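One-letter residues, chain by chain:
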Amino acid sequence: MFFVDTLEFEGLGNRSYLVGGPRAAVAVDPPRDVDQVIAAAAKRGVRIAYVAETHVHNDYITGGPELARITGASYLVPAAAHVSFARTPVADGDTVTVDEGLVLRALATPGHTPHHTSYVLEEDGRGAAAFTGGSLLIGTVGRPDLVEPRLTEELARAQHASAHRLADELDDEVPVLPTHGFGSFCSSSQAEGDATTIGRERTANDALTLDVDTFVAEMLGGLDDVPAYYAHMGPANAAGPAPVDLTPPGRADAGEIAARLAAGEWVVDLRSRTAFAEGHVAGSFNFENDGKLATYLAWLIPWGKPVTLLADTPERIADAQRELARVGIDRPAAAATGDPATWIREGERLASFPRARFADLAEVRGRGEEVVVLDVRRDSERAAGHVEGAVHVPVHELYGRLDEVPSGTVWVHCAGGMRAAIAASLLDAAGRAVVAVDDGFDAAREAGLTVTRP
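Residues numbered from 1 in each chain as written. Predicted model: local features only at pLDDT ≥ 70, side-chain atom pairs only at ≥ 80, totals over all residues. Heavy atoms only, no water.

Q: Account for the packing of aromatic side chains, with residues named and values stated.
A: Counted under the stated rule, the structure contains 11 aromatic pairs. Ring-pair connections join several aromatic residues into one group, and the members of that group are Trp266, Phe285, Phe287 and Tyr399. Looking at Arg15, its charged tip hangs above the ring of Phe182, at a distance of 3.8 Å from the centre. Residue placement shows Arg377 over the ring face of Phe441; its charged tip is 4.0 Å from the ring centre. (Phe/Tyr/Trp six-rings, centres within 6.5 Å; stacked < 30°, edge-to-face > 60°. Lys NZ or Arg CZ within 6 Å of the ring centre and 35° of its normal.)

So this is what it looks like as structure tokens:
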């Protein structure tokens, strides 16, 4: 018998796996904070004999080198991957014995990257699970445009062929266990569900139901924006990331917070968007720790800019620090917790701005008041419909395009409220009058606002 433990990283939309038998296991695509994998192995009472990477990742920093060093495991990396650290190169068809009766077989599945490799766990010679990384995902495949623009169509065609290879070699009941696809921007499209099999993918995945030309045309036509920080992940992983440091950052008092803001550094408030709107340090930005913190903060912040974290509890600081380390934001410059009133100097006041619903916006427009409506959703979301007259600047571009937002009070919205809160904090820090629309976009039409297509 074998086991598969899933480590889920909701903020990044990824999963890692620990799979093995009664004595030994292999960690597949481990996270930067490897203590979680080590704890999972300890709970099982198994030795981590192998660490396996499906590819050089573009969306997060791997913990592979560090996990292999700590455990003494063999570090399996696709042979064709260009890396500058010691590893055990694996090519198509290579096998390793994980435990008695359990063999891990490498299966070349290029497409997400040229060197992408899936791993099939075989129990007593029969395929029992497929770890597909960024190849075959749930209802879709990994995007092919993260390596080199000139290779995108070629890799898209390779994704189609790789999906068919997996389907041809494996039985219908074999579970498909991808790394990406649970909200990750490495997925070429988003799909429903959190579990699948080869058989289910045969009937539901475009890569297996469409001919290659149709599949490639539809996939390339639907690719969304790429987070800016992805440009830094691949090189860091190819070089071999440094061990993660999760020791607590130094405590910042009100004077230090003010000094860091004055120096142009980022001060990030991790509290809920409701709490932030009610009272926050003027000039700080709101990235909720319960949302996609790492994705959006890493996407927006100028790379390498020092960041100070503010939160209600030390635990929230620790959680955020862990999540940010996964995308290469390693050491917060400082942190502060507790009552926001202690984050400002004597004589200063907390800033605030109102929150509203689409019904409130409809009422204001109905009275004939002139307001700016700012839509910060992505292009693909806006294409499905937008509030008539709304200005469009995606949230990940807003920091560099604040001067494009027309004068006047800005009512900012997204699809649900989280990104609108980020955008509202950016505008508020720039001195703009802002109202954060904290509502689902479906409520816009229900409120009587005109929703049109571009």
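Q: Tell me what's going on with the pattern of salt bridges, and back it up with residues and numbers.
A: Here the structure, examined in full by the defined rule, presents 39 salt bridges. For Asp92, the salt bridge identified is with Arg165, shortest N-O distance 2.9 Å. Taken together, the residues span a long stretch of sequence, with Asp92 in the loop between strand 6 (88-90) and strand 7 (95-99) and Arg165 in helix 3 (residues 152-169) at a distance of 73 residues. By relative accessible area, which is 42% here, Asp92 ends up partly exposed. By relative accessible area, which is 26% here, Arg165 ends up partly exposed. Here the salt bridges share partners, and the residues they tie into one network are Asp92, Arg105, Glu122, Arg165 and Glu169. (Salt bridge = Lys/Arg side-chain N within 4 Å of Asp/Glu carboxyl O. Helix = DSSP H or I, 4+ residues; strand = E, 2+ residues; numbered from the N terminus. Buried < 20%, exposed > 50% of the residue type's maximum accessible area, 1.4 Å probe, protein only.)

Q: Which residues make up the packing of helix 3 against helix 6 (residues 212-222), and what are the values?
A: Running from N to C, helix 3 and helix 6 point in directions that differ by 125 degrees, and their axes come no closer than 9 Å. The orientation of helix 3 with respect to helix 6, classified from their angle, is oblique. Our pair here, helix 3 against helix 6, has a crossing hand that is right-handed. Judged by residue contacts, Thr152, Glu153, Ala156, Arg157 and His160 of helix 3 engage Val212, Asp213, Phe215, Val216, Met219 and Leu220 from helix 6. The residue inventory of the contact of helix 3 with helix 6, partitioned by class, reads 6 nonpolar, 2 polar and 3 charged. (Axes fitted to C-alpha atoms, helices over the stretch in contact; angles between N-to-C directions. Parallel < 35°, antiparallel > 145°, perpendicular 65-115°, else oblique. Left-handed = near helix turned anticlockwise from the far one by under 90°. Contact = heavy atoms within 4.5 Å. Nonpolar A, V, L, I, M, F, W, Y, C, P; charged D, E, K, R; others polar.)

Q: An account of the environment of Val147 is requested, with residue identities and associated values reported.
A: For Val147, the position within the fold is in the loop between strand 10 (126-133) and helix 3. A C-alpha to C-alpha distance of 6.5 Å links Val147 and Thr113, two positions 34 residues apart in sequence. With residues up to four places along the chain from it excluded, the contact list for Val147 reads His112, Thr113, Pro114 and Leu155.

Q: Report on the side chain of Glu288, specifying residues and quantitative values.
A: Considering the arrangement of structural elements, one finds Glu288 in the loop between strand 14 (285-286) and helix 10 (293-300). Assessed through its relative accessible area of 13%, Glu288 is described here as buried. Among the polar contacts made by the side chain of Glu288, one reaches the main-chain amide nitrogen of Arg273 at a distance of 2.7 Å. Every residue in contact with Glu288, bar those within four places of it in the chain, is listed here: Leu270, Arg271, Ser272, Arg273, Leu293 and Met418. (Polar contact = N/O pair within 3.5 Å; in protein donor to acceptor, adjacent residues only side chain to side chain.)

Q: Describe the sheet that holds strand 1 (residues 3-9), and please don't skip the residues or the numbers.
A: Reading across the sheet, the 6 strands line up as 1-2-3-4-5-6 and stay open at both edges, with mixed pairing between neighbours. A single partner strand is all that each edge strand has here, and the edge strands are strand 1 and strand 6. When strand polarity is set aside, the average angle formed by the axes of neighbouring strands in this sheet is 25 degrees. Bridge count between strand 2 (residues 14-20) and strand 3 (residues 24-28): 4 bridges; the pairing is antiparallel. Counterpart to Val19 in the pairing with strand 3 is Val26. Strand contacts of helix 2 (residues 64-71): strand 3, strand 4 (47-52) and strand 5 (74-78), with the helix running at about 155 degrees to strand 4, the strand carrying the most contacts. (Pairing = 2+ DSSP bridges.)

Q: Explain unusual backbone geometry to me, using residue names and the numbers behind them.
A: Even without glycine at this site, Asp29 takes up a positive phi of about 50 degrees. A relative accessible area of 0% means that Asp29 is categorised as buried. At Asp124, a position not held by glycine, the phi torsion is positive, near 55 degrees. Structurally, Asp124 is set in the loop between strand 9 (117-123) and strand 10. Given the relative accessible area of 66%, Asp124 is considered exposed.

Q: Hey, could you go over the sheet that holds strand 13 (residues 266-269) for me, with residue numbers and the actual values?
A: Within the open sheet, the 4 strands sit side by side as 14-13-15-16. Their pairing is parallel. The strands lining the two open edges of the sheet, one partner per strand, are strand 14 and strand 16 (334-337). As judged from the 2 bridges shared by strand 13 and strand 14, these two strands associate in the parallel manner. What sits directly across from Val268, in strand 14, is Phe285.

Q: Describe the pairing of strand 5, listing the residues and the values that go with them.
A: With 4 of 5 residues buried, strand 5 lies mostly within the body of the structure. Bridge count between strand 4 and strand 5: 3 bridges; the pairing is parallel. In the sheet register, Val51 faces strand 5, and the bridge partner there is Tyr75. Bridging between strand 5 and strand 6 involves 3 bridges; their strand directions are parallel. Across the sheet, Val77 pairs through a bridge with Pro89, a residue of strand 6.

Q: Kindly report on the pairing of strand 9, identifying the contributing residues and their values.
A: The side chains of a regular strand alternate, residue by residue, between the two faces of the sheet. Of all 7 residues in strand 9, 6 are buried, a share of seventy percent or more. When strand 8 (residues 102-108) meets strand 9, the two strands line up antiparallel, connected through 7 bridges. Looking at the pairing, Leu102 lines up with Glu123 of strand 9. Of the pairings in the sheet, the one linking strand 9 to strand 10 comprises 5 bridges and is antiparallel in character. By the bridge assignment for strand 10, Glu123 is matched with Arg126. Connecting strand 9 to the next strand, strand 10, in antiparallel fashion are 2 residues, including Asp124 with a positive phi near 55 degrees.

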